[in-house]
Amino acid sequence: MHSLPPFDEKSLVLLIASGDQKAFATLFDYYRNRIYTVALALTESEQAAEEIVQDVFVKVWLKRGELHAVEKMGAWLFVVARNMVFSYLRSEAAKIRSKQRHAGTNVELAGIWHESRDYVTEKELRLILSQAVDQLPLQRKQVYLLSKEEGLKQQAIAEQLKISPQTVKKHLQLAMRSIRAYIIARRGFDVFLLLFWNFL
Amino acid sequence: MADPRLSYLFNKVIEKSASSEEKEELQALLLDPENENAFKALIEEAFLQVRQEVKMNDNAAAEILEVIGSMDQAASESKVIAMNTRKRKWAAVAAAAVIIVAAGWFLKLQIPAENKSFSYTDNEKHNVAAPARSQAVLTLSSGKTILLDSLGEGDVVTDGAVKLAKGADGRIVYTGLDQKEAFNTIALPRGSRPLQLVLSDGTVTWLNAASAITYPTNFTGQERRVKIEGEAYFEVAHDKNKPFIVQTGVSRVQVLGTHFNVKAYADESSTDITLIEGSVRVERTGQENAAVLLQPGQQALVAESIQLVKEADLKAAVAWKNGYFSLKGTDLYSIMRQVARWYDVEVFYEGTFSDQKFVGALSRDISLNDLLKSLEEFGIEGRLENRQLTLHMKNK
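Bear in mind that the values here come from a model prediction, so they are computed numbers and not experimental data.

**Some remarks on the overall build of chain B**
Helix and strand counts for chain B stand at eight helices and 23 strands. A burial count over chain B gives 46% of its 396 residues as buried. Considering only contacts in chain B between residues 6 or more positions apart, those separated by 24 or more positions represent 51%. Accessible surface, chain B as shown: approximately 19300 Å² in total, 52% of it carbon and sulfur.

Right, here's the structure in full:
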């Protein structure tokens, strides 16, 4: 089985609670692969498993102020992680089922249905998305907008901004990650069935 | 304890030895809310049982740390902003609420037993789930009535020469020909899920809760005529020689082949016809000369006269068919009329309410108490007792 963590959990948790990023990285490095392993086995997708690991630790970071009340860090982390994995698996299963259910009816109907699904989250996402994009560092934001809004290829972006294609790729990846983290932080991990609010 | 089959399948997936059938079976079990706790327990257990860790990509790990390290400020700030917006919206209501609080206080002193403190937990025992089935009643031309729920999938009912069958997803399909025009009616009570119906000409219609449709089992005349009460969505099969006509209490909608929604509840102030695709002609009964020809995306509100909405909110108009309450631009009373029809409850109002317009959408699958919890965001509380819902502004 697993050896005890190579750190004193209690004091690590206190450091994290006080906002210590290094302590946070220690916790992250110790648990990330274990969460990743289970997430990967169940989702069969590296990308999904990485996203789950990210979501779990985004939550840890956001909740760091409440961590001192946590008795056993590992146990708490696995509860957070199992909820994330479960939500992911269930939403995937629901997606697949709805596709099957609508396959028999005409294309038009499926179109309207999907459109309305998107409609529910679209406005909310559009608003939060623009805020999420706004908080990106300048160059990353430029890369993101050129790619998503102007539809430019990575090579073209690299030429236009006079940076290497690798840098463009990295910026894009980081932009996507931080937009996800931002949106998840905003939604507060609510499993509540409230689908969206917009403030007009 | 977990269903042994569930743990068996789960472990096979974890050990990567599950067949695709087994994966599908597990997926189906996953969607059953009863399995949620067992499933979560299995996932949690799996974390403790990991023998050989798979290493995640180092770049990905570094990126995640970087992102989390830099999100800090932004995340906490944005939450505050969101709350402020919400508060500002309700600042106007606060003044009114103070008066209601004061009035409520007097009542409390006089009849303490009547004015118990409010809690959603109290609501739970009176909670009303979203309708799980359509409770359609079919009336055949002979006057005989059939509860459609009592039919199984594939069961066939004959009415004269016409047959109707219940297909997958509970939809009702008409086949067969009758020489004379015989009428059937399908009525859905309040608290019923929508029903999908395919008429003999291939027209597909969705009927909402608290609604009814009367239609010929076979369209033998020059026109295809149906009559509705309440709300229905139509995808009319194209037939340029036989116009399709939907009659409501006050309106007549004539179409060739098209997609549109008709909302004609007696408790709404107007009958609303929303055109998604094609073209329809809308008449108000008794004012046949003042007909309106709708373009896709337009809506006709039929009351004393016809009002044309040039850019209608199409998604809001058909939200019901797609499983949502659209709250956008509606007031509390309009939402509550939908709620009353969907959950089959009576709604009572205590005190006054602002004429606040709502935003957003809610799933129609949530229970009534969960819906009330979301209205709390708007400063409204609802007490549930024996299918009676009493609303009041929240005491702050």
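**Digging into the sheet that holds strand β20 (residues 346-349) of chain B**
All names here are of chain B. Strands sit in the order β20-β23-β22 across an open sheet of three strands; the sheet is mixed. Among the strands making up the open sheet, the edge pair consists of β20 and β22 (380-385). Pairs of neighbouring strands in the sheet enclose a mean axial angle of 25°, with direction left out of account. Across four bridges, β20 lies against strand β23 (residues 388-393) in parallel orientation. Opposite V347, over in β23, you have L389 as the bridge partner. Sheet strands touched by helix α7 (residues 332-343): β20, β22 and β23. Its angle to β20, the strand with the most contacts, is close to 155°. Seen against the sheet, helix α8 (residues 368-375) touches β22 and β23 and runs at an angle of roughly 160° to β22.

**Points about helix α6 (residues 138-148) of chain A**
Residues of α6 of chain A that are buried include every one of R140, V143, Y144, L146 and S147 of chain A, and no others. One side of α6 of chain A carries all its buried residues, which in axial view fall inside an arc of 165°.

**Let's talk about the nonpolar core**
Counting residues in each nonpolar core, the largest one holds 60 residues, and the members touching the most others are L27, I35, V56 and F57 of chain A together with F39 and I43 of chain B. The greatest single-element share of this core, amounting to 11 residues, is contributed by helix α2 (residues 21-43) of chain A. When neighbours within four sequence positions are excluded, I35 of chain A is seen to be in contact with V53, V56, F57, L77, F78 and A81 of chain A together with F47 of chain B.

**Some remarks on the packing of α2 of chain A against helix α3 (residues 36-49) of chain B**
Relative to each other, α2 of chain A and α3 of chain B sit at 130°, their axes nearing to 9 Å. Of the possible angle classes, the one that applies to α2 of chain A and α3 of chain B is oblique. Seen from above, α2 of chain A lies across α3 of chain B with right-handed handedness. The residues of α3 of chain B that touch α2 of chain A, namely those facing R34, I35, V38 and L42 of chain A, are I43, A46, F47 and L48 of chain B. Looking at the contact of α2 of chain A with α3 of chain B residue by residue, the class counts come to seven nonpolar, no polar and one charged.

**Digging into the pairing of strand β8 (residues 204-207) of chain B**
Side-chain positions along a regular strand alternate between the two faces of the sheet. Residue and element names in this part refer to chain B. Side chains of β8 alternate between two faces, with V204 and W206 and T205 and L207 buried alike. As paired elements, strand β7 (residues 195-198) and β8 share four bridges and run antiparallel to each other. Bridge assignment links V198 to a residue of β8, and that residue is V204. Between β7 and β8, which pair antiparallel in sequence order, lie five residues; one of them, G202, sits at a positive phi of approximately 95°. Bridge count between β8 and strand β10 (residues 224-235): four bridges; the pairing is antiparallel. By the bridge assignment, L207 is partnered in β10 with A232.

**Regarding the packing of aromatic side chains**
The relation between two aromatic rings is expressed through the spacing of the ring centres and the mutual angle of the planes. Evaluation of the coordinates by the stated rule reveals 14 aromatic pairs over all chains. Taking the centre distance of 4.8 Å and the plane angle of 85° together, the rings of Y30 of chain A and Y31 of chain A count as edge-to-face. The structure contains a cluster of three or more aromatic residues connected by ring pairs, namely F24, F28, F57 and W61 of chain A. A cation over a ring is seen here: R64 of chain A above W61 of chain A, with NZ or CZ 4.1 Å from the ring centre. Lying across the ring of Y233 of chain B, K321 of chain B places its NZ or CZ 4.6 Å from the centre.

**Description of the pairing of strand β6 (residues 183-188) of chain B**
All names here are of chain B. Where burial is concerned, the two faces of β6 differ: the one with N184, I186 and L188 is buried and the one with F183, T185 and A187 is not. In the sheet, strand β1 (residues 137-139) pairs with β6 via three bridges, with the strands oriented antiparallel. For V137, the partnering residue across the bridge sits in β6 and is A187. Relative to strand β9 (residues 211-216), β6 runs antiparallel, the two being bridged by six bridges. Bridging from a neighbouring strand, L188 pairs with S211 of β9.

**Some details on the side chain of T43 of chain A**
Residue and element names in this part refer to chain A. Within the fold, T43 resides in helix α2. Within polar-contact distance, the side chain of T43 engages the backbone oxygen of A39 at 2.7 Å. Among residues more than four places away in sequence, those in contact with T43 are A48, A49, I52, Y88 and L89.

**Points about unusual backbone geometry**
Note on backbone geometry: most residues besides glycine have negative phi, and most peptide bonds are trans. All names here are of chain B. Even without being a glycine, K16 presents a positive backbone phi close to 60°. According to the relative accessible area criterion, K16 is exposed, its value standing at 64%. A positive phi angle, near 55°, is found at D344, a position not held by glycine. Structurally, the position occupied by D344 is in the loop between α7 and β20.

Cut-offs used in this document
The numbers attached to residues start from 1 for each chain and follow its sequence in the written order. Labels are handed out in written order, letters beginning with A for the chains and numbers beginning with 1 for the ligands. Only residues with pLDDT of at least 70 get local features here, since the model is predicted, and only at 80 or more are side-chain atom pairs given and counted; chain-wide, interface and lining totals rely on the full set of residues. Hydrogen atoms and water are omitted, and side-chain values are computed over all heavy atoms in the structure. Counting from the N terminus, the helices are DSSP H or I runs at least four residues long and the strands are E runs at least two residues long. Buried means the residue's accessible area, taken with a 1.4 Å probe over protein chains only, is under 20% of the maximum for its type, while exposed means over 50%, and partly exposed covers the values in between. Should any heavy atoms of two residues lie within 4.5 Å, those residues are counted as being in contact. Only the protein chains shown count as cover for residues, and the accessible areas themselves come from Shrake-Rupley with a 1.4 Å probe. Strands were regarded as paired on the criterion that DSSP finds at least two bridges between them. Every axis corresponds to a line fitted to the C-alpha atoms, with the helix fit spanning only the stretch in contact, and the corresponding angles, defined between N-to-C directions, vary from 0 to 180 degrees. It is the directions from the helix axis to the C-beta atoms that the arc portrays. Residue types Ala, Val, Leu, Ile, Met, Phe, Trp, Tyr and Cys, when buried and joined through side-chain atoms within 4.5 Å, form a set referred to as a nonpolar core. We call two directions roughly parallel when the angle between them is under 35 degrees, roughly antiparallel when it is over 145, roughly perpendicular when it lies between 65 and 115, and oblique otherwise. The hand of a helix crossing depends on one turn: near helix anticlockwise from the far one by less than a right angle means left-handed, and clockwise means right-handed. Here the term charged refers only to Asp, Glu, Lys and Arg, the term nonpolar to Ala, Val, Leu, Ile, Met, Phe, Trp, Tyr, Cys and Pro, and the term polar to all other amino acids, Gly among them. Working definition: rings of Phe, Tyr and Trp (its six-membered ring) pair if their centres are within 6.5 Å, and the pair is stacked with planes under 30 degrees apart, edge-to-face with planes over 60 apart, and tilted otherwise. The criterion for a charge sitting over a ring is simple: Lys NZ or Arg CZ within 6 Å of the ring centre, and within 35 degrees of the ring normal. Polar contact is defined as a pair of N or O atoms within 3.5 Å, subject to the rule that within protein one atom must be able to donate a hydrogen and the other to accept it, and that residues adjacent in sequence are counted only when both atoms are side-chain atoms.

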